[in-house]
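# Summary of the model geometry
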Amino acid sequence: MDLSKYAALFLAESREHLSSCNQLLLRWEREPSATDAVGGLFRSIHTIKGMGATMGFTGVAELAHRLESLLDALRQGQVAADARTFQLLFRAVDALGVAVEAAGAGRDPAPEASLAAALDDATAGRGADAPAGGLPVLPGDDVPRRRATDRPRGRSVEVIIRSDAVMRGARAVLAVRRAEALGVVSAVRPPLLRLEREEFDGRLAFRIDSRATDEELAAVIRSAGEVVTVRFPEPLAAPAEPADRHRQIRVDLGRLDRLMKQVGELVAARNRLGVLAARFDDPTLAEQSDRISRLVSEMQAEVIAARMTPVGEVFERFPRLVRDLARDLGKRIRFEVEGEEIELDRSILDEIGDPLLHLVRNAADHGIEMPETRVHAGKPAEGRILLSATRERNSVALRVSDDGAGIDRAAIVAKTRRDAPGEPTPDALSDDLLLRLIARPGFSTAQAVSGVSGRGVGVDVAMTRVRALGGTLEIGSEAGKGTTFTIRVPLTLAIVRALLADAGGERYAVPLAYVAETVEFDARAVTALRSREAVVVREQVIPTVHLRDLVACRERPAPMRRPTVILEIGERRTALVVDALLGQQDIVVAPFDAPRGMPPYVGGATILADGAPALVLDAAALL
Amino acid sequence: MSHTVLVCDDAIFMRTMISDILTQAGFEVVGEAESGSQAVEKYRALKPDLVTMDIVMPDMGGIEAVREICRTDPEAKILMCSAMGQQALVVEAIQAGAKDFVVKPFQPSRVLEAVQRVLG
């Protein structure tokens with residue numbers, strides 16, 4: 001059989017399992033009572049072992065086997081899960097990741113001898129420097145064989161709670177608890193949260209690894225009361241899931257990209273068709289054009305939905321990163337994540353990992369203080385980093401907050417004055433100016449400033465990447481309280497709803513994601529804000545930007561009545577004064593490959609419905 | 001010998017009613033508690049075979065009491081008495097170690113079924 005076609009699948013699935021292993025390890029380390037984590041780890045490693053062996057990757061299979069033996073011993077309580085064991089488990093999972101990648105690339109090295117020995121020692125209850133001899137020393141190969149007969153058997157369980165029972169959710173939890181007395185339970189569906197909220201039709205499914213027979217298990221589960229059925233469905237590749245779960249298939253991302261591109265062109269073609277149809281007074285043509293328009297909109301929504309991926313997929317690598325950083329830096333950091341379920345377009349998600357990485361690393365490295373410093377400042381010794389996602393209008397805000405020392409503004413000012421003596425730098429930095437300074441390329445590389453060294457490197461990279469996505473980066477920092485970086489990105493890149501504006505006869509597209517409202521420019525409401533022109537809109541003073549001035553348009557006089565677009569990013573607002581508003585349109589933005597010579601306020605170009613090109617304004621650059 | 005029971009509820013009405021149901025079924029109610037901390041104290045003193053525990057009580061709540069009792073005696077047989085709409089709390093109590101639950105308003109047959117299940 002030709003196995004090569006399964007290699008990609010092996011790689012993809014192994015990566016998923018390894019990532020979940022890291023999460024389970026982190027959770028288990030934090031909550032030693034989370035015994036379900038061990039079961040999950042065991043199964044993941046077991047799956048990787050099976051896949052590796054099937055593919056003929058003996059290096060992967062061998063390492064997975066040793067790791068599995070240790071996990072089994074831990075699960076049986078034969079070996080204690082102490083700090084040294086966790087360190088070894090993390091190391092082994094990392095090594096397994098390396099082995100999997102190597103196998104995927106066609107190499108299959110044998111596991112590192114020292115790691116293999118350490119795993120075997122730990123499995124036999126011999127710590128690295130624990131006195132040997134307490135337990136009989138078994139050759140490595142005997143370890144699994146010894147347990148082969150009494151190894152717990154994994155199986156799926158389905159339980160149905162009587163339909164007239166009260167609090168069926170709580171009853172289901174009770175059934176799970178009873179089952180846990182006989183083995184390790186995992187993959188409970190529906191999840192606990194839904195059970196608690198009574199979002200539950202009485203059907204419960206989970207997996208259990210247990211030595212008990214089906215009969216013993218069924219009896220224990222029934223003892224929870226109100227149980228009508230306990231079944232053990234035939235083992236499937238995946239744990240049994242209730243019927244309301246959608247079926248899923250894997251789709252190559254490249255295929256979705258092409259589909260998205262085609263839909264993008266379809267949207268542009270539809271827009272053109274609409275314009276053309278309007279020229280003919282033909283009801284049948286208009287009707288068909290409308291119909292196509294609706295269908296394309298629906299299709300566009302479906303394709304975008306198919307590309308949406310929860311940000312948790314990117315977030316999940318950070319707990320491990322922060323843990324390792326904290327260890328290396330000698331700090332204590334509690335890392336928390338919120339809003340993992342918020343979805344973003346896959347292509348944005350792929351690009352956002354790096355900027356987040358820089359910001360999270362910055363927070364751990366420069367934000368959070370050493371434990372003793374924190375205690376001295378009256379803070380808890382354990383610092384906190386929160387990575388969160390929230391949905392806003394048509395964008396998603398990703399925040400990295402730390403409760404550390406905050407950025408030392410005086411040091412930044414001093415450093416900037418040294419680096420660029422010609423530039424005027426105010427004594428008191430606003431958050432915006434602070435960001436501009438630390439985001440300057442190479443800000444921190446020139447000379448180390450204590451407490452801020454390295455600050456700029458990541459911010460500069462993050463800023464560039466985020467801007468390339470049509471997103472924005474903001475900072476808020478308070479001395480002693482901490483720093484928050486906020487990244488805002490559009491939900492999807494490919495198709496943007498935009499407001500078309502005219503200035504001096506040229507058309508410009510403003511992405512609607514950042515448009516708060518449009519108002520009439522009222523010359524009487526003009527005032528000044530820090531020597532800049534500003535307008536007062538509902539008692540708020542908003543600085544103005546005249547699109548005509550921006551594009552250096554001298555042709556034709558500006559009309560008397562001019563609409564004004566209020567752009568909004570986070571707390572910041574700008575009033576963009578234009579000649580006329582021409583309505584909304586879905587546009588496909590073509591980013592510029594060579595931005596040299598292009599003014600900063602231009603974010604890309606597009607072809608409008610009537611076939612004419614237009615520039616797309618970058619809202620962030622106007623603020 | 002009949003099983004001994006500790007009844008915990010802040011309302012005399014509920015304590016009386018549960019005691020009556022259990023006594024009529026042949027159980028021996030050896031004590032009553034009107035707060036969580038009292039429940040913990042009396043559990044230690046009386047070592048009853050079964051505890052019925054209200055969820056919402058002054059001083060120390062029922063869930064906290066379950067946690068406290070199970071900390072010293074993981075085998076403690078505790079039956080939660082909850083009102084409708086407290087599902088999340090019941091789940092929390094189960095996680096804390098409660099062995100079963102009944103929902104108010106009580107039907108004597110349901111209470112006794114649950115008691116039998118808990119005593120196994």
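Residues numbered from 1 in each chain as written. Chains lettered and ligands numbered in written order. Predicted model: local features only at pLDDT ≥ 70, side-chain atom pairs only at ≥ 80, totals over all residues. Heavy atoms only, no water.

## Describing the confidence of the model for chain B
Close inspection of predicted coordinates is inappropriate for parts of the model with low pLDDT. Using the following cut-off: What pLDDT conveys is the predictor's confidence in a given residue, as a value from 0 to 100.
Confidence in the prediction of chain B, expressed as mean pLDDT, is 90, and 99% of residues score 70 or more. Across the whole predicted complex the pTM is 0.48, and at the interface the ipTM reaches 0.85.

## Digging into the environment of Phe10(A)
Residue and element names in this part refer to chain A. Let me state the cut-off plainly: Secondary structure elements follow DSSP: runs of H or I no shorter than four residues count as helices, runs of E no shorter than two count as strands, and numbering proceeds from the N terminus. We call two residues contacting when some pair of their heavy atoms lies within 4.5 Å.
Among the structural elements, Phe-10 can be located in helix H1 (residues 7–30). Placed 44 residues apart in sequence, Phe-10 and Thr-54 show a C-alpha to C-alpha distance of 9.7 Å. Excluding residues within four positions of it along the chain, Phe-10 makes contact with Met-51, Gly-52, Met-55, Phe-57, Val-60, Val-100 and Ala-103.

## Some points on the environment of Tyr6(A)
Residues and elements named next belong to chain A. In plain terms, the rule: Exposure classes here rest on a 1.4 Å probe applied to the protein chains alone. A residue is buried below 20% of its type maximum, exposed above 50%, and partly exposed in between.
Assignment of secondary structure puts Tyr-6 in the segment before H1. By relative accessible area, which is 33% here, Tyr-6 ends up partly exposed. Measuring from C-alpha to C-alpha, the distance between Tyr-6 and Met-55 comes to 8.0 Å, with 49 residues separating the pair along the chain.

## Here's the deal with the pattern of salt bridges
All names here are of chain A. The condition that has to hold: Whenever a carboxyl oxygen of Asp or Glu lies within 4 Å of a side-chain nitrogen of Lys or Arg, that contact is scored as a salt bridge.
Inspection of every chain in the model, using the stated rule, returns 42 salt bridges over all chains. We note a salt bridge from Glu-101 to Arg-15, for which the minimum N-O separation is 2.8 Å. Remark: Arg-15 occurs in helix H1 and Glu-101 occurs in helix H4 (residues 83–104); sequence separation between them is 86 residues. Overall, Arg-15 belongs to the partly exposed group, its relative accessible area being 42%. Here the salt bridges do not stand alone but share partners, grouping Glu-29, Asp-94, Arg-320, Arg-323 and Asp-324 into one network.

## Some points on the sheet that holds strand E6 (residues 333–338) of chain A
All names here are of chain A. Note the threshold: When DSSP finds two or more bridges between a pair of strands, those strands are recorded as paired. All axes here are fitted lines through C-alpha atoms, helices being fitted over the stretch that makes contact, and every angle between N-to-C directions spans 0 to 180 degrees.
Within the open sheet, the five strands sit side by side as E6-E8-E9-E11-E10. Their pairing is mixed. The two strands at the open ends of the sheet, each matched to only one other strand, are E6 and strand E10 (472–478). Between one strand axis and the next, the sheet turns by 15° as a mean value, whatever way the strands run. As judged from the six bridges shared by E6 and strand E8 (residues 383–392), these two strands associate in the parallel manner.

## Focus on the interface of chain A and chain B
For clarity, the cut-off: Reported buried area values correspond to the accessible surface (1.4 Å probe) lost by two parts on association, with both partners' losses combined. All amino acids are sorted into three groups, where Ala, Val, Leu, Ile, Met, Phe, Trp, Tyr, Cys and Pro are nonpolar, Asp, Glu, Lys and Arg are charged, and the leftover types, Gly among them, are polar.
Listed as interface residues are 19 residues of chain A and, on the opposing side, 19 residues of chain B. Carbon and sulfur atoms supply 56% of the area buried between chain A and chain B, which totals about 1,500 Å² over both sides. Viewed at the interface, chain B and chain A are joined by two salt bridges. Between Arg171(A) and Asp100(B) there is a salt bridge whose closest N-O contact spans 2.6 Å. Counting residues per element, the ones that place at least two in the side of chain A that touches chain B are helix H7 (168–180) and helix H8 (192–196) of chain A. The element that contributes the greatest number of residues to the side of chain A that touches chain B is H7(A), accounting for eight residues. Here the side of chain A that touches chain B is built from residues that sort into eight nonpolar, three polar and eight charged.

## As for the packing of aromatic side chains
Residue and element names in this part refer to chain A. Put simply, the rule is: Note on ring pairs: Phe, Tyr and Trp rings are taken, using the six-membered ring of Trp, and paired if centres are within 6.5 Å. Classes follow the plane angle, with under 30 degrees stacked, over 60 edge-to-face and the rest tilted.
If you walk through the whole model with that rule in mind, you get two aromatic pairs over all chains. Plain terms: the ring middles of Trp-28 and Phe-86 are 5.1 Å apart, the flat faces sit at 75° to each other, and that makes the pair edge-to-face. Taken as a pair, Trp-28 in helix H1 and Phe-86 in helix H4 lie far apart in primary sequence, 58 residues in all.

## Comments concerning the sheet that holds strand E2 (residues 183–189) of chain A
Residues and elements named next belong to chain A. With antiparallel pairing, the four strands of this open sheet are ordered in space as E2-E3-E1-E4. One side of each edge strand has no neighbouring strand; the edge strands of this open sheet are E2 and strand E4 (227–231). If you compare each strand with its neighbour and ignore which way they point, the axes differ by 25° on average. Sheet topology note: the strand E1 (residues 153–161)/strand E3 (residues 203–210) ladder contains eight bridges and is antiparallel. Residue pairing for E3: Glu-158 is matched across the bridge by Ala-205. The sheet contacts of helix H2 (residues 35–55) involve E2 and E3, and relative to E2 the element is tilted by about 85°. Strands E1, E3 and E4 of the sheet are contacted by helix H9 (residues 214–222), whose axis makes an angle of about 155° with E4.

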